[in-house]
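Observations on the three-dimensional arrangement
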Amino acid sequence: MTIENTIDAFVDGAIVDTTALDAALASSDGRAYLFDVLALRQTMQTSMPAAAVRVTRIRRPFLRYASAAVVALALVGAGYAAGLRQAPAAEVTAANTSDGARPPEPTRVIELTPGVNWHESRGGD
Amino acid sequence: MPAPGVLVSDGQMPETPHAERLYLECQPRVVRYLTRLVGHADTARDLAQETFLHAARSPLPESEPGQRAWVFRIARNLGLNHLRDTAQHARMAPDLDGGTGPAQETTLLVREALAQLAPLDRDIFLLREAAGLSYAEIAEACAVTEDAVRSRLQRARQALRVLLHGTLATERARGVRFSGRNDE
């Protein structure tokens, strides 16, 4: 049985031959092994993995509103651009402003005859 | 289906006297062992519940040490299955909380050191140090001889002495407490 076997049995609660334990603890290697095993046990007890890391998002109302505004503006802009692309081009008629333009000819001409009473004196039918 | 006379209430505690006693006696140790094995406390608690459900559904050995070994055998199998299923994720995401720096560092160092051990050596070491099982119970749980338990336990301790040299030196400087059976 090695020194380490003896120390292991001792720290693990197994029955140990006292002579072997005496010899094991008399050597510096045995004592160093004992201290390391106890330190290892202590480390195992104090360094347990923790519960799951719960990742929570930090709330920032300003950023949330700003993001919503940017999205809304982008949507409005995209709608406007789409509307421009889909609308038919309007026909534009240029006004004729040349000097040779004349007013249209009259369809009926009534000549003024002097001496004629144009005012109505009787009830009309 | 549960065995006759074995009921489980809301997936929590088995409702037979033996199973209830076993649950009360072993549950904290099973959680401790599984936490070390899978590296994640929440997962360990889920696996521990599953362990006791499995134990309640199967006929238990008659002796109390045999029952403890049986429960830890189930826990070990469930833990190893979990590790196998999530091997890549486990490597990528060490589970550390927002504790102090040195404690986090020690937890990570211990985790990395344990990961370098041979799987059976690590299991035997954890069953001893995290679960507090006796050599006979570990032998039963891992289906090996007691001599194999002794030699593998010593090998694991020697390897961890080297891998955690600095950490153990710090711990020794703080002072060590002797505890014969690590089953508190």
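Residues numbered from 1 in each chain as written. Chains lettered and ligands numbered in written order. Predicted model: local features only at pLDDT ≥ 70, side-chain atom pairs only at ≥ 80, totals over all residues.

From N to C terminus, chain B includes nine helices and two strands. For chain B, the sequential pattern of α-helices and β-strands runs β-β-α-α-α-α-α-α-α-α-α. Across the 184 residues of chain B, 42% fall into the buried class. Long-range contacts, defined here as pairs at least 24 residues apart, represent 62% of the contacts in chain B between residues at least 6 apart. (Helix = DSSP H or I, 4+ residues; strand = E, 2+ residues; numbered from the N terminus. Buried ≥ 20, exposed ≤ 12 C-beta atoms within 10 Å, placed from the backbone. Contact = placed C-beta atoms within 7 Å.)

To continue, consider the overall build of chain A. A count of helical and extended segments in chain A gives four helices and zero strands. For chain A, the sequential pattern of α-helices and β-strands runs α-α-α-α. Counting the 125 residues in chain A, one finds 18% classified as buried.

Residue and element names in this part refer to chain B. Residues Tyr33, Leu34, Phe72 and Ala75 are the most contacted members of the largest nonpolar core, which totals 57 residues. With ten residues, helix α1 (residues 17-38) is the largest single contributor of residues to this core. With near-sequence residues (within four places) excluded, Tyr33 lies in contact with Phe72, Ala75, Leu126, Leu127, Ala130 and Ala131. (Core = buried A, V, L, I, M, F, W, Y, C linked by C-beta atoms within 7 Å.)

What follows deals with the packing of helix α1 (residues 3-11) of chain A against helix α3 (residues 28-46) of chain A. Residues and elements named next belong to chain A. Relative to each other, α1 and α3 sit at 40 degrees, their axes nearing to 10 Å. With respect to each other, α1 and α3 are oriented oblique. For the element pair α1 and α3, the recorded crossing hand is right-handed. For the pair formed by α1 and α3, the contact residues are Ile3, Glu4, Ile7 and Val11 on the first element and Asp29, Gly30, Tyr33, Leu34, Val37 and Leu38 on the second. Residues belonging to the contact of α1 with α3 are distributed by class as follows: seven nonpolar, one polar and two charged. (Axes fitted to C-alpha atoms, helices over the stretch in contact; angles between N-to-C directions. Parallel < 35°, antiparallel > 145°, perpendicular 65-115°, else oblique. Left-handed = near helix turned anticlockwise from the far one by under 90°. Nonpolar A, V, L, I, M, F, W, Y, C, P; charged D, E, K, R; others polar.)

Looking now at the interface of chain A and chain B. If you look at the interface, chain A gives 24 residues, while chain B gives 36 residues. Of all the elements, α3 of chain A adds the most residues to the side of chain A that touches chain B, at ten residues. Partitioning the side of chain A that touches chain B into residue classes produces 14 nonpolar, five polar and five charged.

Within the secondary structure, Ser151 of chain B is located in helix α8 (residues 146-163). For the pair formed by Ser151 of chain B and Asp121 of chain B, sequence separation is 30 residues and the distance between their alpha carbons is 9.1 Å.

Looking now at unusual backbone geometry. All names here are of chain B. Positive phi, close to 60 degrees, is recorded for Ala143, a residue that is not glycine. Along the polypeptide, Ala143 turns up in the loop between α7 (135-142) and α8. Ala143 gets classed as exposed once you count the C-beta atoms within 10 Å, which come to 10.

With that settled, consider the confidence of the model for chain B. Residues and elements named next belong to chain B. Of all residues in chain B, 80% have pLDDT values of 70 or greater, and the mean over the chain is 82. The secondary-structure element of chain B with the lowest mean pLDDT is strand β1 (residues 8-9), recorded at 46, while α8 shows the highest, at 95. For the stretch residues 1-11, pLDDT sits under 50, and the model shows 21 contacts to residues farther than four places along the chain or on other chains. For this predicted complex, the interface confidence score (ipTM) comes to 0.76, while the overall pTM stands at 0.65. (pLDDT = per-residue confidence, 0-100.)

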